[in-house]
Amino acid sequence: MKIKVTSPGRVNLIGEHTDYNGGYVLPCALDLTIDLFFEKKSNESYVNTDLGYSMSFDVNTAFKKSDNHWENYVLGAINELKQIKSELSNFSCSIKSTLPSGAGISSSSALVCGLIKGLSRLNEIKLKNSDIINLSRNVEHKYIGLLGGIMDQFTILNAKKNMAILLNCENLESKFINLEFKEYKLLLLDTNVKHNLANTDYNQRVSECKESVQLINSLCNKNYSNLSQVNKSDLSLSEDKLGETLYKRASYVLNENQRVINSVEFLENNKLKEFGQLMYESHFGLKNDYEVSCKELDFLVEYTMKYDEILGSRMMGGGFGGCTLSLIKDSFIIEFIELIKKEYFSKFKRKLNPIIANLDQGIQMSLI
Ligand code: GLA
């Protein structure tokens, strides 16, 4: 028996760095995927990728962290499954990908969700989507050291074609939003500033937000469990106590949550221009208040502002590199890409990778 799992990347329309703050996000799945082909083997396991990486091991030896970053995704996924079923079958897994890595479109979650989905089937472990989401998040937290939220995994498991998911990350209630961009398309511009978020200030933002909640609770005598529960008046009351940096972080989260809610209303009423404006506001919040952007991302977003054919643009994903997302008139895409590629290269001496974001369904599994 051979198993094929197709695991997509994710695009987030708006609602960045809100997931681990119990807030709202509005993600979709991309048509770029990681495809994983599994087969049982008797003595040894091996994993190879079309990027030329490969590893071999016995699946039942005890977990030992690898010096090769990507191998820890594989070893971590296996170790999490072993907590459920202690003896697993050896296997081969061949990985082919159209999803660029380090571009902020969630290649790592696509890999881990794909591994867990395929290996659980191969070993007859029954898992619900919510189990796969939690195990995948454990892999990022425990073996990679990235204290991320739930957005990427939830999207990969649940997405539907041409729809966004309005997800409340506190209680995981979700609603599908039908997307009709008419003569507009979503365009990703990958800065080629590669990141491994675990080595950025991402985790620091997570702890700054936790610290803000504690300070607000102690000053206002409240019991908020995350920043998204905080009301505006308690935030204002806490401004001095929080100090400039934490106040900026907390204000950003409250504003971004509101922008997600407003975006849904605009998208449901075909008000694309108004939605685009919120994309810009989100970007400037991420740049100035949350401070997770970088000069390459800022340049790409600011460059779009002089064109009427572009309704909105913002950095997308964890930040510190990765890509921007823009809402652009279809007929202008080719011309715009030529222009911005040249400008970007002459300024940063880096290649810009444009990707037209077609929105597709979540993870798929088949027997082949
Ligand atoms: C990364 C994390 C997500 C989310 C985004 C920022 O993609 O994996 O959980 O926090 O950054 O919105």
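If you're wondering where the values come from, they're calculated on a predicted model, not measured in any experiment.

Digging into the overall build of the protein
Scanning the protein for helices and strands turns up 10 helices and 14 strands. For the protein, whose C-alpha radius of gyration is 21 Å, the value lies close to the compact-globule estimate of 21 Å for 368 residues. Projecting the C-alpha coordinates of the protein onto the three principal axes gives extents of approximately 60 × 55 × 40 Å. Evaluated residue by residue, the protein yields a buried proportion of 57% over its 368 residues. When contacts within the protein are restricted to residue pairs at least 6 apart in sequence, long-range pairs at least 24 apart make up 71% of them. Positive and negative charge centroids in the protein, built from 43 and 45 side chains respectively, lie 4 Å apart.

Digging into the pattern of salt bridges
Within this structure, the stated rule accounts for 14 salt bridges. The salt bridge partner of Arg-249 is Glu-208, with a shortest N-O separation of 2.6 Å. Note that Arg-249 is positioned in helix α7 (residues 239-268) and Glu-208 in helix α5 (residues 202-220), a separation of 41 residues in sequence. A residue is classified by how much of its surface remains accessible, and Glu-208, at 8% relative accessible area, is buried. Residue Lys-222 is joined to Asp-234 by a salt bridge in which the shortest nitrogen-to-oxygen separation is 2.6 Å. With Lys-222 in the loop between α5 and α6 (232-237) and Asp-234 in helix α6, this pair connects stretches of sequence that are 12 residues apart. Since its relative accessible area comes to 37%, Lys-222 is described here as partly exposed.

Here we look at the sheet that holds strand β8 (residues 174-178)
One open sheet accounts for three strands, arranged β2-β7-β8; its pairing is antiparallel. Each end of this open sheet is capped by a strand with a single partner; those strands are β2 (24-25) and β8. The sheet contact formed by β2 and strand β7 (residues 163-168) spans two bridges and is antiparallel. Paired with Val-25 across the strands is Leu-167, a residue of β7. Along the sheet, helix α4 (residues 151-158) contacts β2, β7 and β8; its crossing angle with β7, the most-contacted strand, is approximately 135°.

With respect to the nonpolar core
Grouped together as the largest cluster of nonpolar side chains are 106 residues, with contacts concentrated most on Leu-13, Leu-26, Phe-38, Phe-91, Phe-181 and Leu-188. Counting residues per element, this core draws most heavily on α7, at nine residues. Those residues in contact with Phe-181 that sit more than four places away from it in its chain are Leu-13, Leu-186, Leu-267, Leu-272, Leu-327 and Leu-359. One finds Leu-300, Ile-310, Ile-337 and Ile-340 within the second-largest nonpolar core, a separate group that totals 19 residues.

Quick look at the site of the ligand
As a structural note, the neighbourhood of the ligand is formed by Arg-10, Glu-16, His-17, Asp-19, Tyr-20, Gly-149, Met-151, Asp-152, Leu-197, Tyr-202, Gly-317 and Gly-318. One of the backbone nitrogen or oxygen atoms of Gly-149 is found 3.0 Å away from an oxygen atom of the ligand. Isolated, the ligand exposes 310 Å² of accessible area, and the fraction of that covered by the protein chains is 95%. Along the lines of polarity and charge, the residues of the shell around the ligand split into four nonpolar, four polar and four charged.

Thoughts on the packing of aromatic side chains
Tallied over the full model, the rule gives 15 aromatic pairs. Ring geometry for Phe-299 against Tyr-344: centres 6.5 Å apart, planes inclined by 35°, an arrangement best described as tilted. With Phe-299 in helix α9 (residues 295-304) and Tyr-344 in helix α10 (residues 333-348), the pair connects residues that are 45 residues apart, well separated along the chain. For Phe-299, a relative accessible area of 15% corresponds to the buried category. Taking relative accessible area as the criterion, Tyr-344 reaches 0% and is therefore assigned buried. Aromatic side chains Phe-299 and Phe-348 sit 5.6 Å apart centroid to centroid with 75° between the ring planes, which places their arrangement in the edge-to-face category. Residue Phe-299 is located in helix α9, and its partner Phe-348 is located in helix α10; the two are separated by 49 residues in the primary sequence. Since its relative accessible area comes to 14%, Phe-348 is described here as buried. Three or more aromatic residues joined by ring pairs make a cluster, and in this case those are Phe-299, Tyr-303, Tyr-307, Phe-332, Phe-336, Tyr-344 and Phe-348. Positioned above the aromatic ring of Phe-176, the side-chain terminus of Lys-160 is 4.3 Å from the ring centre.

Describing the packing of helix α2 (residues 107-122) against helix α3 (residues 129-144)
In the contact formed by α2 and α3, the axes pass within 9 Å of each other and the chain directions differ by 125°. What the angle tells us is that α2 and α3 run oblique. Relative to α3, α2 is oriented so that their crossing is right-handed. Contacts between α2 and α3 involve Ser-108, Ser-109, Val-112, Cys-113, Ile-116 and Lys-117 from the former and Ile-132, Leu-135, Ser-136, Val-139 and Glu-140 from the latter.

Comments concerning α2
In this model, α2 (16 residues) spans 22 Å end to end at C-alpha, consistent with the 22 Å of a helix rising 1.5 Å per residue. Along α2, 14 of the 16 residues are buried, which leaves the element largely enclosed by surrounding structure. Immediately downstream of α2, the backbone of Glu-124 shows phi near 50°, a positive value.

Cut-offs and rules
Residues numbered from 1 in each chain as written. Predicted model: local features only at pLDDT ≥ 70, side-chain atom pairs only at ≥ 80, totals over all residues. Heavy atoms only, no water. Helix = DSSP H or I, 4+ residues; strand = E, 2+ residues; numbered from the N terminus. Rg over C-alpha atoms; globule rule 2.2 N^0.38 Å. Buried < 20%, exposed > 50% of the residue type's maximum accessible area, 1.4 Å probe, protein only. Contact = heavy atoms within 4.5 Å. Lys, Arg positive; Asp, Glu negative; His and termini not counted. Charge placed at Lys NZ, Arg CZ, Asp CG, Glu CD. Salt bridge = Lys/Arg side-chain N within 4 Å of Asp/Glu carboxyl O. Pairing = 2+ DSSP bridges. Axes fitted to C-alpha atoms, helices over the stretch in contact; angles between N-to-C directions. Core = buried A, V, L, I, M, F, W, Y, C linked by side-chain atoms within 4.5 Å. Near = heavy atom within 4 Å. Polar contact = N/O pair within 3.5 Å; in protein donor to acceptor, adjacent residues only side chain to side chain. Areas by Shrake-Rupley, 256 points an atom, 1.4 Å probe, with all protein chains shown as cover. Nonpolar A, V, L, I, M, F, W, Y, C, P; charged D, E, K, R; others polar. Phe/Tyr/Trp six-rings, centres within 6.5 Å; stacked < 30°, edge-to-face > 60°. Lys NZ or Arg CZ within 6 Å of the ring centre and 35° of its normal. Parallel < 35°, antiparallel > 145°, perpendicular 65-115°, else oblique. Left-handed = near helix turned anticlockwise from the far one by under 90°. Expected span 1.5 Å × (residues − 1).

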